[in-house]
Amino acid sequence: MNWLDPGLFLRGVAWRDAEGRPVRADPDDLDRLPWDVLERARVPVGVRLEFAAYGTEAVELRYRAEAGDVPHAFGLWADGQQISETLASPVAEGVVRLRLPPLDGPFTVYPPESQSPRFLGIRAVNGRIEPARPRPRWVVHGDSVTEGWWSTRPAHAWPAAAGRLLGLDTVNVGYAGAARGELATAQQLAALPADVLTLAFGTNCWGRTPFTPALLGETLRAYVALVRQGHPHAPLLVLSPVLRPDAEDTPNALGATLAELRAALEDAVQEEIGSGDGSLALLPGLGLLGPEHLADGLHPNDAGHAVLAGAVATALGKLVP
C-alpha cells in the first residue's frame, strides 16, 4: 500500500504556509494582523479530509500532532451522519486506521484540529480511494462562536454542520477573541477564492475592543466594501451577534450595549442592501438562541450550534441560486 499525497484530499483550506501546512490567514500578509488573529490562524479549524472509496475496508492516516494527555479523535462522516469515531494515542507522530462501511462515499474525516494535526500520508486498505469532487467554497468569517468553541467535536460547529446541509466546502476563517472588523482581514477575504461568504462578527466589539454603534456601522460598511472588491456579486450573508445575556443591556467602556451595537450593524447591512447590493442578506442573530443553548453564557453548546447551522443554511439557501 503506497502512501498518497494527503494534500489532494484536504478540504476547508484557506491558505498554505511555506511548508505547505494549512493556515487561516494569508502568510504573505501577516504583519498587518493583531497577535490574537495570528495565534488562532495557526490552528487548522475546519480543515478535513474528503474522499471516495471503492472496495476499501479502511483508510490509514499518517500524521503529526501535538502530543499530550487527550486522545486524538478522528470522526468519520458520510451522508450527513457520523459513521464512527476512532481514538488514537496522543503521540507526536502516528498512524490511525479508520474502518469504512460498504459505501463508496464520499467520506469526510474530521481530525482533532485543536491538536494542530499535519497529515503526512493517506492510503487505502484494499480497494482504492480518490479525492472527493470539489464543491462550491463557502468562506465564513467570525469570532469564537464561528470557530466552534464549546462544540464537543469539530464536526458539530455550526459552519461545519451548515456546510454539510448545503453541500458546500466550508472554509472557516473564525478567530476566537478577534473578528472586530479588522480591515486587513477583509482584504484577505477579498483575495481568497470563494463562491459564497458569511460574516458573523460584532460580539467582541462590545467588550474586548469597545466600539460605539456609529463606529461599528461604519466598520461594517467598510468591511463589506473591501470584501466586494474581490467578490462583487458573490452571495454574502451577514449574521449579527447572537444572544449574550451579560452584554445585552450592559454599557461597554464607550457606553454602548450589545443590543445597540447589534442594531447599528443590522441597520448598516439593510442600508447596503437598499443601496443596490442584491447579493447581500442579513440574518438577525438575536432570537436564534435561548439561554439553554449557551454552554457558558456566551458560546453555544452542541444544540446551539445545530440551531445556528439550520438557521444559516436556511438563510443561505434563499440567497444562493
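Residues numbered from 1 in each chain as written. Predicted model: local features only at pLDDT ≥ 70, side-chain atom pairs only at ≥ 80, totals over all residues. Heavy atoms only, no water.

Brief notes about the nonpolar core
What counts, and what does not: Within this scheme, the nonpolar core is defined by two criteria: the residues are buried Ala, Val, Leu, Ile, Met, Phe, Trp, Tyr or Cys, and they are joined through side-chain atoms within 4.5 Å. The buried label goes to any residue with under 20% of its type's maximum accessible area, the exposed label to any with over 50%, and the partly exposed label to all in between, with areas taken from a 1.4 Å probe on protein chains only. A run of H or I in DSSP counts as a helix once it spans at least four residues, and a run of E counts as a strand once it spans at least two, with each numbered from the N terminus. By definition in these notes, contact holds between two residues if any of their heavy atoms fall within 4.5 Å.
Residues Val139, Leu199 and Phe201 are the most contacted members of the largest nonpolar core, which totals 42 residues. Listing elements by their share of this core, those giving two or more residues are helix H1 (35-41), strand S13 (169-174), helix H4 (183-191), strand S14 (196-200), helix H5 (213-230), strand S15 (236-239), helix H6 (258-274) and strand S16 (280-283). In terms of residue count, the dominant contributor to this core is H5 (six residues). If near-sequence neighbours (up to four positions away) are discounted, valine 139 is found in contact with Val171, Val173, Leu189, Leu192, Pro193, Ala194, Val196, Leu197 and Thr198. Counting residues in hydrophobic clusters, the runner-up holds 25 residues, among them Val145, Ala161, Leu283 and Val312.

Some details on H6
Heads up, the rule is: What a helix is expected to span follows from its residue count: subtract one and scale by 1.5 Å.
Taking 1.5 Å of rise per residue, the 17 residues of H6 would be expected to cover 24 Å, and the 24 Å separating its terminal C-alpha atoms lies within 8% of that figure. All of the buried residues along H6 are Leu258, Leu261, Arg262, Ala264, Leu265, Glu266, Ala268 and Val269. Against H5, S15 and S16 lie the buried residues of H6.

Description of the sheet that holds S16
In plain terms, the rule: DSSP bridges decide pairing: two strands pair if at least two such bridges lie between them. Helix axes use the C-alpha atoms of the stretch in contact, all axes being lines fitted to C-alpha atoms, and the angles between their N-to-C directions lie in the range 0 to 180 degrees.
Strand order across the open sheet formed by five strands is S13-S12-S14-S15-S16, with parallel pairing between neighbours. With partners counted over all chains shown, the strands left at the sheet margins are S13 and S16, one partner each. Within this sheet the neighbouring strands show an average axis-to-axis angle of 20 degrees, counted without direction. In this structure, strand S12 (residues 137-142) lies alongside S14, joined through five bridges in parallel fashion. Looking across to S14, one finds that valine 140 is bridged to threonine 198. Along the sheet face, H5 touches S12, S14, S15 and S16 and points at about 160 degrees away from the line of S14. Sheet strands in contact with H6 are S15 and S16, and its direction is about 155 degrees off that of S16.

Remarks on unusual backbone geometry
With omega at 5 degrees, the peptide bond leading from glycine 105 into proline 106 counts as cis. With respect to the helices and strands, the residue proline 106 is situated in the loop between strand S8 (93-99) and strand S9 (107-110). A positive phi is found at alanine 179, a non-glycine position, where the angle reads about 55 degrees. With respect to the helices, strands and loops of the structure, alanine 179 is situated in the loop between S13 and H4.

Digging into the pattern of salt bridges
For the record, the criterion: When a carboxyl oxygen of Asp or Glu lies within 4 Å of a side-chain nitrogen of Lys or Arg, that pair is called a salt bridge.
If you walk through the whole model with that rule in mind, you get 23 salt bridges. Of the charged contacts in the structure, one is a salt bridge between aspartate 29 and arginine 32, with a shortest N-O distance of 2.8 Å. Connected through salt bridges with shared partners, the residues Asp17, Glu19, Arg21 and Arg118 form a single ionic network.

With respect to the side chain of asparagine 204
For clarity, the threshold we go by: Under the rule applied, a polar contact is a pair of N or O atoms within 3.5 Å (in protein, one hydrogen donor and one hydrogen acceptor; residues adjacent in sequence only if both atoms are side-chain atoms).
The residue asparagine 204 is located in the loop between S14 and H5 in this model. Within the structure, the side chain of asparagine 204 is placed 3.5 Å from the backbone oxygen of glycine 177, a separation counted as a polar contact. In contact with asparagine 204, other than residues within four places in its own chain, are Asp143, Gly177, Ala178, Arg180 and Thr209.

Some remarks on the packing of aromatic side chains
The condition is simple: Any Phe, Tyr or Trp ring, taking Trp's six-membered ring, that has another such ring centre within 6.5 Å forms a pair; planes under 30 degrees apart are called stacked, those over 60 apart edge-to-face, and the others tilted. Placement of a positive charge over a ring is assigned whenever Lys NZ or Arg CZ falls within 6 Å of the ring centre and within 35 degrees of the normal to the ring plane.
With the rule as written, the count across this model stands at five aromatic pairs. Between phenylalanine 201 and tyrosine 223 the ring centres are 5.1 Å apart and the planes differ by 50 degrees, which places this aromatic pair in the tilted class. Pair noted here: phenylalanine 201 is in the loop between S14 and H5 and tyrosine 223 is in helix H5, with a separation of 22 residues, a long-range link. The cationic tip of arginine 62 hangs over the ring face of tryptophan 3; the distance from NZ or CZ to the ring centre is 5.4 Å. Cation over ring: arginine 164 sits above tryptophan 77, and NZ or CZ is 4.0 Å from the ring centre.

Digging into the pairing of S13
Extensive coverage of S13 is indicated by the burial of six of its six residues. Neither face of S13 is left uncovered, since the one carrying Asp169, Val171 and Val173 and the one carrying Thr170, Asn172 and Gly174 both have all their residues buried. Two strands pair when backbone bridges link them, and S12 and S13 are joined in this way by six bridges, in the parallel orientation. Among the inter-strand pairings, histidine 141 is bridged to a residue of S13, identified as valine 173.

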